[in-house]
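For reference, the chains in residue letters:
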Amino acid sequence: MNFNPFDEKPMPLEKTFMDWQMMYPKPYNKETADPYTKTRIVLMNGTEFEAQWFSRNFSRHCPDNDLRRELAMLRRTEQQQQKRISNLKPKDENMLEHTITYEQLAVDLTAALAKRESDCNVKNALDFALLEDFDHLYRYSNLLNLEYGVYPEKLVGGYTEIMPARPTISEHRHPMDSIFKYVSKDASLLTKLNINTIIAAEQQTMNYYMNISSLYSKSDVGRRLYIEIGMIEEEHVSQYESLKDTTVTWLEDLLMHEYTECYLYYSCMMTECDAYIRRIWEECLHQEIAHLHKANELLCKYENRDWQSVIPCGDFPELLKLESNIDYVRQVIATTTGNTQFRDTIVPLGELCGDADFFRYQSTVNHNVCCVASHQVIDNYIRCKGKDYRYEVKPSPICELQNRTCDNTSLGRDPQKTPSKYSVCGTTKNNCQCPQDTNHIC
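Residues numbered from 1 in each chain as written. Predicted model: local features only at pLDDT ≥ 70, side-chain atom pairs only at ≥ 80, totals over all residues. Heavy atoms only, no water.

### Section: the overall build of the protein
For the protein, the helix and strand inventory stands at 13 helices and two strands. Radius of gyration (C-alpha) of the protein: 22 Å, near the 22 Å computed for a compact globule of 442 residues. Expressed as lengths along the three principal axes of its C-alpha atoms, the size of the protein is roughly 60 × 50 × 40 Å. Relative to its full complement of 442 residues, the protein shows a buried share of 60%. Considering only contacts in the protein between residues 6 or more positions apart, those separated by 24 or more positions represent 82%. One way to put it: in the protein the 49 positive side-chain charges average out to a point 4 Å from where the 64 negative ones average out. (Helix = DSSP H or I, 4+ residues; strand = E, 2+ residues; numbered from the N terminus. Rg over C-alpha atoms; globule rule 2.2 N^0.38 Å. Buried < 20%, exposed > 50% of the residue type's maximum accessible area, 1.4 Å probe, protein only. Contact = heavy atoms within 4.5 Å. Lys, Arg positive; Asp, Glu negative; His and termini not counted. Charge placed at Lys NZ, Arg CZ, Asp CG, Glu CD.)

What follows is the structure, encoded as structure tokens:
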């Protein structure tokens, strides 16, 4: 049965406010909580952060105080929702354990969105960053096991592999190479939802790493790893936000933000296995339906338009389900690890000229490989344990990453040591036109 939030009767906005007890929920048990319950919590925390960022920027660019008051009304409940969701995390879950959840979300959310995406420009962006978040999971997992003795395989529930992909050291690209083409106004509703969802999730990861690197107290290399991977998250947010349609008005974007929140809470509610947390998703959904109807009211009042001019059919498309994507991730590793970005295009590393921005930037930030934290973490682990920490169902699909006694710092950086195998989605339509010998995934 289709669900259209515009057909629902909204509660009054004043009824969306919560008291302190409601804002401080019972946290999950870190030993028994399903990994995807934890990833949904991180996702919706990030979605509420995005609501804040957007609303505040809208307010700062709005000269109408009446409209700004309306935004403040919506924003107050969004703040309360964020506090409620954030505090589902238990006190006894350490920073690195929580980080594993962030990176598992990044991997399995990105894969879920990429598998259903029909716009090849958006799909290429998702597949490209997917491998980088996958490698981040591997780096943090080695640090967690070495410094705390915790086995990340248990944290991810065996749903997500832990092994290298495009090495983090190879992910540092010049800022000029971090922007994609933006989608058109007639992009599908699912594409727009995919973009809004991945922006919220990656932005939350960026925010998290921006704030906690100085709070990590276990080791200097751990603090530096958060700094390094935090810089990659800055790239990812720049890439993903560049995909958004730049021609929409602020009020159109407000409506789409609220619709995205409704869609995600509904997806969470319908796929959640924890009854207590499912009730929270349901309550948040009702709050967001009220916000959505207010956004539609504002669009009518200030632009004399209704929601159908932005979202022609309000029925939710296929719901977002977080689940294991081992086979898909392996296919992407096998075919795209040697790719990099040049301006707004994904290309094989070997196509770059010798003086390309990528190599100049690499020579600045990574001129001393031994001091690069993402490499040093693995090197330290190998020297201590004899081989790196992995959870894999079988060896890596590319031979360059199968050696467990030496961290690869050349793949994706050195064209002579990077496979030339190359695969991207070749059109912006459903009928991809890619060479048959690339093992292209579509």
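### Topic: the environment of Val221
Considering the arrangement of structural elements, one finds Val221 in helix 8 (residues 220-241). Under the relative-accessibility criterion, Val221 is labelled buried at 12%. Spatially, the C-alpha atom of Val221 lies 27 Å from that of Gly158, the residues being 63 residues apart in sequence. Filtering out sequence-adjacent residues up to four positions away, Val221 remains in contact with Leu143, Glu147, Ala373, Gln376, Val377 and Asn380.

### What to know about the packing of aromatic side chains
Taken as a whole, this structure holds 21 aromatic pairs when the rule is applied. Look at Tyr208 and Tyr209: their rings are 5.8 Å apart centre to centre, the planes differ by 45°, and that puts the pair in the tilted class. An aromatic cluster is defined as three or more aromatic residues linked by ring pairs; in this entry it consists of Phe3, Phe6, Tyr259, Tyr263, Tyr266, Trp307 and Phe316. It is Lys26 that lies over the ring of Tyr276; its NZ or CZ is 4.8 Å from the centre. (Phe/Tyr/Trp six-rings, centres within 6.5 Å; stacked < 30°, edge-to-face > 60°. Lys NZ or Arg CZ within 6 Å of the ring centre and 35° of its normal.)

### Focus: the confidence of the model for the protein
Mean pLDDT over the protein: 95, with 96% of residues reaching 70 or higher. Every residue in residues 427-442 is under pLDDT 50, and counting partners more than four places away or in other chains gives 34 contacts. (pLDDT = per-residue confidence, 0-100.)

### Side note on the side chain of Glu228
Tracing the backbone shows Glu228 in helix 8. For the buried Glu228, which has no salt bridge, the nearest side chain bearing the opposite charge is Arg224, at an N-O separation of 6.8 Å. One polar contact links the side chain of Glu228 to the main-chain amide nitrogen of Ala373, over a distance of 3.4 Å. If sequence neighbours within four positions are ignored, Glu228 has contacts with Thr168, Ile169, His172, Val372, Ala373 and Ser374. (Salt bridge = Lys/Arg side-chain N within 4 Å of Asp/Glu carboxyl O. Polar contact = N/O pair within 3.5 Å; in protein donor to acceptor, adjacent residues only side chain to side chain.)

### Notes on the environment of Leu299
Here Leu299 lies in helix 10 (residues 275-303). According to the relative accessible area criterion, Leu299 is buried, its value standing at 0%. As a C-alpha pair, Leu299 and Cys284 span 15 residues in sequence and 22 Å in three-dimensional space. The contacts of Leu299, once residues within four sequence positions are left out, are Leu251, Glu252, Leu255, Asn304, Arg305, Asp306, Trp307, Ser309 and Val310.

### Considering a positive patch on the surface
On the surface, Arg56, Arg60, Arg76 and Lys83 cluster together into a patch of positive charge. Listing elements by their share of the positive patch, those giving two or more residues are helix 2 (35-60) and helix 3 (65-86). Locating Arg76 in the fold gives a position in helix 3. Residue Arg76 is classed as exposed on the basis of its relative accessible area, which comes to 53%. (Patch = residues over 30% accessible without salt bridge, like charges linked within 9 Å, V, L, I, M, F, W, Y side chains within 5 Å. Areas by Shrake-Rupley, 256 points an atom, 1.4 Å probe, with all protein chains shown as cover.)

### Notes on the state of the cysteines
Taken as a whole, this structure holds one disulfide when the rule is applied. With its sulfur 1.8 Å from that of its partner, Cys120 forms a disulfide with Cys425. Of this pair, Cys120 sits in helix 5 (residues 120-148) while Cys425 is found in the segment after helix 13 (373-385), placing the two residues 305 residues apart along the sequence. When its relative accessible area of 6% is taken as the criterion, Cys425 is described as buried. Cys268 forms no disulfide, and the closest cysteine sulfur to it belongs to Cys284, at a distance of 9.4 Å. Between Cys300, a cysteine without a disulfide, and Cys262, which holds the nearest cysteine sulfur, the sulfur-to-sulfur distance is 16 Å. Its relative accessible area of 34% is what places Cys300 among the partly exposed residues. (Disulfide = S-S within 2.5 Å.)

### A look at the packing of helix 4 (residues 95-116) against helix 7 (residues 189-212)
In the contact formed by helix 4 and helix 7, the axes pass within 11 Å of each other and the chain directions differ by 160°. On the basis of the axis angle, helix 4 is roughly antiparallel to helix 7. Every pair of crossing elements has a handedness; the one defined by helix 4 and helix 7 is left-handed. Only Leu190, Asn194, Thr197, Ile198, Ala201, Glu202, Gln204, Thr205, Tyr208, Tyr209 and Ile212 of helix 7 make contact with helix 4, whose side of the interface consists of Met95, His98, Thr99, Tyr102, Glu103, Leu105, Ala106, Leu109, Thr110, Leu113 and Arg116. Tallied by class, residues from the contact of helix 4 with helix 7 come to twelve nonpolar, seven polar and three charged. (Axes fitted to C-alpha atoms, helices over the stretch in contact; angles between N-to-C directions. Parallel < 35°, antiparallel > 145°, perpendicular 65-115°, else oblique. Left-handed = near helix turned anticlockwise from the far one by under 90°. Nonpolar A, V, L, I, M, F, W, Y, C, P; charged D, E, K, R; others polar.)

### Digging into the pattern of salt bridges
Overall, the coordinates contain 27 salt bridges when judged by the stated rule. Between Glu283 and Arg84 there is a salt bridge; the shortest N-O distance is 2.6 Å. Here Glu283 is found in helix 10, whereas its partner Arg84 is found in helix 3, with 199 residues between them in sequence. What makes Arg84 buried here is its relative accessible area of 6%. Note that Arg343 is salt-bridged to Asp357, the shortest N-O span being 3.0 Å. Of this pair, Arg343 sits in the loop between strand 1 (339-342) and strand 2 (345-348) while Asp357 sits in helix 12 (residues 357-365), placing them 14 residues apart in sequence. Here the salt bridges share partners, and the residues they tie into one network are Lys185, Asp245, Glu252, Glu303 and Arg305.

### With respect to helix 2
For helix 2, which comprises 26 residues, the first-to-last C-alpha distance of 38 Å matches the rise-based estimate of 38 Å (1.5 Å per residue) to within 8%. Burial analysis of helix 2 places 21 of its 26 residues in the buried class, which makes it a mostly covered element. N-cap assignment for helix 2: the residue whose side-chain oxygen lies 2.8 Å from the backbone N of Tyr36 is Asp34. (Expected span 1.5 Å × (residues − 1).)

### Topic: the pairing of strand 2
When strand 1 meets strand 2, the two strands line up antiparallel, connected through four bridges. By the bridge assignment for strand 2, Thr340 is matched with Val347. Connecting the antiparallel pair strand 1 and strand 2 is a turn made up of two residues, with Arg343 showing a positive phi of about 55°. (Pairing = 2+ DSSP bridges.)

### Digging into helix 7
The end-to-end C-alpha distance of helix 7 is 35 Å, a good match for the 34 Å that 24 residues give at a rise of 1.5 Å each. Taking burial as the measure, the 24 residues of helix 7 include 21 buried ones, the bulk of the element.

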